[in-house]
2 protein chains.
Amino acid sequence: MLPGSRKGFVLDPRLEGESLPVVWLGLCELRIRDERRWPWLLLIPQRPGVEEVHDLTPLDQAMLSFETNLVSKTLKELTGCTKINCAALGNIVRQLHVHVVARNENDPGWPGPVWGHGVREPYRREDLHQFAEKIRARL
Amino acid sequence: MLPGSRKGFVLDPRLEGESLPVVWLGLCELRIRDERRWPWLLLIPQRPGVEEVHDLTPLDQAMLSFETNLVSKTLKELTGCTKINCAALGNIVRQLHVHVVARNENDPGWPGPVWGHGVREPYRREDLHQFAEKIRARL
């Protein structure tokens, strides 16, 4: 199988269970994390078996950078947040995924990181869908 | 001033005070964070006034992606770590900087994030310089 192919890609069930699909980009599926404490998006490159950004093909690395920065700019404009936090960690879920989170002074855990901070608080279902719609409209 | 110029760039004193320069890349200065609990590198694009990756020019965004992934691959090969953690946060120091950290199961805070975890533990000076030399030799 070519390393730049999505054949055989299956979304990790932990990512799937705690997020909602928003839109397909060129390389990634964009999802919202169902966590109302912070506006939080996830980009998941549709490539099976990849854990590190540097293990993507050079073209895919460029695509991921482009798509991440597009999503980052969109989320900052939509929310008017103080700072975007962007990260590829993967200590728990190894399937490659990039977090793009809108942070504000006085949000939970500020200025610390969001990962591992307290317990996830899901949206009301209608609010989650409304957020997804707002993102789609701006992309 | 052109947005792609390094004219007027001054390294944030908090970044400078807690890290050692390793090498100049095309866009970024690569530095080691003086924190021996985790192998921790910083890339700092030499562009004044930029806080978000998406505010770099398109060329600089591509360069940052290339340099970050090169450093990530190098650090993983050098350390044989379990996972690279890569992030642009900037909640405290706003000057754009990208963290590339080597993580291992059972390291301090695993699998949580490194930011805000306990108190920084500086290297012995000779160990810090030795680490810098190892990185330079592989880049």
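Small disclaimer: the values here were computed from a predicted structure and weren't measured.

A. Representation of the relation of the copies chain B and chain A in the model. Rotating chain B by 180 degrees and translating it 0.0 Å along the rotation axis places it on chain A, where the RMSD comes to 0.0 Å. The two molecules are tied by a two-fold rotation axis, judged by turn and shift. Residue Ala 87 of chain B, judged by its C-alpha, is the member of chain B lying nearest the rotation axis, at 2.0 Å. When you check the interface residues of chain B against chain A, 100% turn up at the interface there too, and the contact is symmetric in its surfaces.

B. Representation of the interface of chain B and chain A. Taken together, the contact between chain B and chain A spans 29 residues of the former and 29 residues of the latter. Roughly 2,600 Å² of surface becomes buried between chain B and chain A when both sides are summed, with 49% attributable to carbon and sulfur atoms. On the chain B side of the contact with chain A, His 54, Lys 83 and Asn 91 of chain B bury the most area, a combined 25% of that side's loss. Applying the counting rule to chain B against chain A returns six salt bridges. One salt bridge connects Lys 76 of chain A with Glu 52 of chain B, and the closest N-O pair in it is separated by 2.8 Å. Inspection of the chain B/chain A interface yields 24 residue pairs in polar contact (both at pLDDT 80 or more). Classifying every residue of the side of chain B that touches chain A by side-chain character gives 11 nonpolar, 10 polar and eight charged.

C. Layout of the packing of helix 2 (residues 58-79) of chain B against helix 3 (residues 125-138) of chain B. Residues and elements named next belong to chain B. It is at 10 Å that the axes of helix 2 and helix 3 come closest, and there the two elements cross at 120 degrees. Relative to helix 3, helix 2 is oriented oblique. In terms of crossing hand, the pair formed by helix 2 and helix 3 is right-handed. Here Thr 74, Leu 75, Glu 77 and Leu 78 of helix 2 lie close against helix 3, whose contacting residues are Phe 131, Lys 134, Ile 135 and Arg 138.

D. Here's a closer look at unusual backbone geometry. Residue and element names in this part refer to chain A. Look at the link from Trp 110 to Pro 111: it is a cis peptide, with omega at 0 degrees. Residue position: Pro 111 is located in the loop between strand 5 (98-103) and helix 3 (125-138). A positive phi angle, close to 75 degrees, is found at Asn 106, a residue other than glycine. Within the secondary structure, Asn 106 is located in the loop between strand 5 and helix 3.

E. Looking closely at the UniProt feature "domain: HIT" (unreviewed entry) in chain A. Mapped onto this numbering, the UniProt entry annotates "domain: HIT" (unreviewed entry) at residues 41-110 of chain A. Spanning residues 41-110 of chain A, this segment combines 31% helix with 24% strand, and its end C-alpha atoms are found 18 Å apart.

Rules used in this analysis
Residues numbered from 1 in each chain as written. Chains lettered and ligands numbered in written order. Predicted model: local features only at pLDDT ≥ 70, side-chain atom pairs only at ≥ 80, totals over all residues. Heavy atoms only, no water. Least-squares fit on C-alpha atoms with pLDDT ≥ 70 in both. Contact = heavy atoms within 4.5 Å. Buried area = accessible area lost by both parts, 1.4 Å probe. Salt bridge = Lys/Arg side-chain N within 4 Å of Asp/Glu carboxyl O. Polar contact = N/O pair within 3.5 Å; in protein donor to acceptor, adjacent residues only side chain to side chain. Nonpolar A, V, L, I, M, F, W, Y, C, P; charged D, E, K, R; others polar. Axes fitted to C-alpha atoms, helices over the stretch in contact; angles between N-to-C directions. Helix = DSSP H or I, 4+ residues; strand = E, 2+ residues; numbered from the N terminus. Parallel < 35°, antiparallel > 145°, perpendicular 65-115°, else oblique. Left-handed = near helix turned anticlockwise from the far one by under 90°. UniProt positions renumbered as here; feature names shortened; annotations may be inferred.

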